[in-house]
Amino acid sequence: MIIQKTENSKLPTFDPNNFSFGDTFIDHMIICEYENGKWGDVKLVPYGPLPFTPAMMGVNYGQACFEGMKAYKDENDDVFLFRPEKNFERINKSAKRLAIPEIPREAFIDGLNALVDIDREWIPKGEGMSLYIRPVVFATEEVLKARVSNKYMFAIVATPAKSYYSAPVSVKISDYYSRSANGGVGFAKAAGNYAASFYPTQLAIDEGYDQVIWTDDATHEYFEESGTMNVFVRINDTIYTPKTSEKILDGVTRDSFLQLAERNGIDVVVGDVKVADVVAALKDGSLKEAWGVGTAVVTTRFEAIGYGDEKFALPTLADEDSFAFILKKALVDIQTNHAEDPFGWRVKVDKKY
């Protein structure tokens, strides 16, 4: 790995008590370029702009995918990643679907550890605090031809993070728009998936909601995801969540919640979640809570769910009665080294640089 440290750290200007999510970047980044059929050297360099043109194929034809993950710092200033192998596996699953060359382990895992190590002082401590990490790969060949690119860049950038949503949100069940379809790229973290979700989400916001619950493209009878999150509903004392498929992202937080629920003796059903069943449970009071999970948000509880012209308020549960809160706390305690890790999810970042 080639390492070029910055001579002008921005860290002295960073206020960990006053920043917003996603627009403050740490001092360094990882880059690795693909050309002539192979990946080149992994480079850790100062964060900054890169020279591209509007003819770059990733911009014109959408060959781009990414991951989202976090690093955490405990009271002893030790730094931990959370299940990085899952993200490594998933970015290559996404890359394969988009005809992008497989990302080497040296670039992803070794680059990730080096970046988090060298900029560990950027990781804020405290409740809800972390370093949000964005590995991304995109086509860089400069040619206007609708074909697979011959050049790519893999990069990792990172930004200090705090709680994404500070309060419960209201969501609208979509009965027209869908985020994915059979045979498509819904299971991949393709950049275009997110671009296509913005317009329907804005329509929901215009109606007074915060996010959309996506339904299947064929019938709109089944839950799939919520916004950029996997979705869970609790009817009486059982959790229901859609099974993963080629239309639904295999979320790392989702998988962690399922394993934690089993460990805590909570009944979970993974399968089809029917809109009609959820609406019926909203009307008869058996829907106790609903929430979304993802790396950025960890957990976002829903305060209301809309369907058609109706809007249903959900019960307000005390933390000790909320499965969403119980599972989130169990997860965050593992991530931040406040609890034992029986699953082997927490990976310490050693000091090397």
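Everything that follows concerns the structure shown earlier in this document.
What you see is a predicted model, and the numbers here were worked out from it, not measured in a lab.

### What to know about unusual backbone geometry
Thinking step 1. For His220, which is not glycine, the phi dihedral falls at a positive 60°.
Thinking step 2. Turning to its location among the elements, His220 is positioned in the loop between β11 (211-215) and β12 (223-226).
Thinking step 3. For His220, a relative accessible area of 15% puts it in the buried group.
Thinking step 4. With phi around 55°, Asn236 is a residue other than glycine that occupies positive phi space.
Thinking step 5. Relative to the elements of secondary structure, Asn236 occurs in the loop between β13 (229-235) and β14 (238-241).

### A short note on the packing of aromatic side chains
Thinking step 1. Applying the stated rule across the entire model yields 16 aromatic pairs.
Thinking step 2. Considering the side-chain rings of Phe343 and Trp345, the 4.0 Å spacing of their centres and the 10° angle between planes classify their relative orientation as stacked.
Thinking step 3. Trp345 sits in the buried class, given a relative accessible area of 5%.
Thinking step 4. One aromatic cluster in this structure is built from Phe14, Phe19 and Trp122.
Thinking step 5. Lying across the ring of Phe323, Arg234 places its NZ or CZ 3.7 Å from the centre.
Thinking step 6. The residue whose ring lies beneath Arg263 is Phe343, and the NZ or CZ to ring-centre distance is 5.9 Å.

### What about the environment of Tyr194?
Thinking step 1. Structurally, Tyr194 is set in helix α4 (residues 191-206).
Thinking step 2. When its relative accessible area of 16% is taken as the criterion, Tyr194 is described as buried.
Thinking step 3. As a C-alpha pair, Tyr194 and Arg179 span 15 residues in sequence and 8.3 Å in three-dimensional space.

### Let's talk about the packing of helix α5 (residues 252-263) against helix α7 (residues 323-335)
The description of two helices packed together rests on the angle between their axes and the distance between the axes.
Thinking step 1. Here α5 crosses α7 at 105°, and the two axes come no closer than 10 Å. In terms of axis orientation, α5 runs roughly perpendicular to α7. In this structure, α5 contributes Thr253, Ser256, Phe257, Leu260 and Ala261 to the contact, and α7 contributes Ala324, Leu327, Lys328, Ala330, Leu331 and Ile334.

### Examining α5
Thinking step 1. Its 12 residues give α5 an end-to-end C-alpha distance of 17 Å, which sits within 8% of 16 Å, the value for a rise of 1.5 Å per residue.
Thinking step 2. Counted residue by residue, α5 has nine buried out of 12 residues, so it is predominantly covered.
Thinking step 3. Listed as buried for α5 are Val252, Thr253, Arg254, Asp255, Ser256, Phe257, Leu258, Leu260 and Ala261.
Thinking step 4. Of the residues trailing α5, Gly265 is marked for its positive phi of about 75°.

### Here's the deal with the pattern of salt bridges
Thinking step 1. All chains considered together, the criterion is met by 19 salt bridges.
Thinking step 2. A salt bridge links Asp255 to Arg83; its shortest N-O distance comes to 2.8 Å. Here Asp255, found in helix α5, pairs with Arg83, found in the loop between β7 (79-82) and α2 (84-97); they are 172 residues apart in sequence, far enough to count as distant.
Thinking step 3. Classification of Asp255 as buried rests on a relative accessible area of 18%.
Thinking step 4. The class of Arg83 is buried, set by a relative accessible area of 11%.
Thinking step 5. Here Lys329 ties to Asp333 by a salt bridge, and the two come within 2.8 Å at their closest N and O atoms. You can see Lys329 and its partner Asp333 sitting in helix α7, four residues apart, about one turn around the helix.

### Examining α2
Thinking step 1. The first and last C-alpha atoms of α2 sit 20 Å apart over 14 residues, in line with the 20 Å expected at 1.5 Å per residue.
Thinking step 2. All of the buried residues along α2 are Pro84, Asn87, Phe88, Arg90, Ile91, Asn92, Ser94 and Ala95.
Thinking step 3. Just downstream of α2 lies Ala99, where phi reads positive at about 60°.

### Remarks on the nonpolar core
Thinking step 1. Phe108, Val116, Ile133 and Phe154 are the most contacted members of the largest nonpolar core, which has 43 residues in total.
Thinking step 2. At the level of elements, β2 (28-35), β6 (69-73), β7, α2, α3 (105-118), β8 (130-139) and β9 (152-161) are the ones that each hand at least two residues to this core.
Thinking step 3. Counting residues per element, this core draws most heavily on α3, at eight residues.
Thinking step 4. Setting aside anything within four residues of it in sequence, one finds Ile133 in contact with Glu67, Gly68, Met69, Lys70, Ala71, Leu81, Leu112, Val116, Ile156, Val157 and Ala158.
Thinking step 5. Val169, Val171, Ile213 and Met229 belong to the second-largest nonpolar core, a separate cluster that totals 22 residues.

### Details of the packing of α2 against α3
Thinking step 1. Between α2 and α3, the shortest axis-to-axis distance is 11 Å and the interhelical angle comes to 150°. When the interaxial angle is binned, α2 and α3 end up roughly antiparallel. Once α2 is placed against α3, the crossing between them reads as right-handed. Of the residues in α3, those touching α2 at Pro84, Glu85, Asn87, Phe88 and Ile91 are Arg105, Phe108, Ile109 and Leu112.
Thinking step 2. In the contact of α2 with α3, the residues fall into six nonpolar, one polar and two charged.

Thresholds, definitions, all that
Residues numbered from 1 in each chain as written. Predicted model: local features only at pLDDT ≥ 70, side-chain atom pairs only at ≥ 80, totals over all residues. Heavy atoms only, no water. Helix = DSSP H or I, 4+ residues; strand = E, 2+ residues; numbered from the N terminus. Buried < 20%, exposed > 50% of the residue type's maximum accessible area, 1.4 Å probe, protein only. Phe/Tyr/Trp six-rings, centres within 6.5 Å; stacked < 30°, edge-to-face > 60°. Lys NZ or Arg CZ within 6 Å of the ring centre and 35° of its normal. Axes fitted to C-alpha atoms, helices over the stretch in contact; angles between N-to-C directions. Parallel < 35°, antiparallel > 145°, perpendicular 65-115°, else oblique. Contact = heavy atoms within 4.5 Å. Expected span 1.5 Å × (residues − 1). Salt bridge = Lys/Arg side-chain N within 4 Å of Asp/Glu carboxyl O. Core = buried A, V, L, I, M, F, W, Y, C linked by side-chain atoms within 4.5 Å. Left-handed = near helix turned anticlockwise from the far one by under 90°. Nonpolar A, V, L, I, M, F, W, Y, C, P; charged D, E, K, R; others polar.

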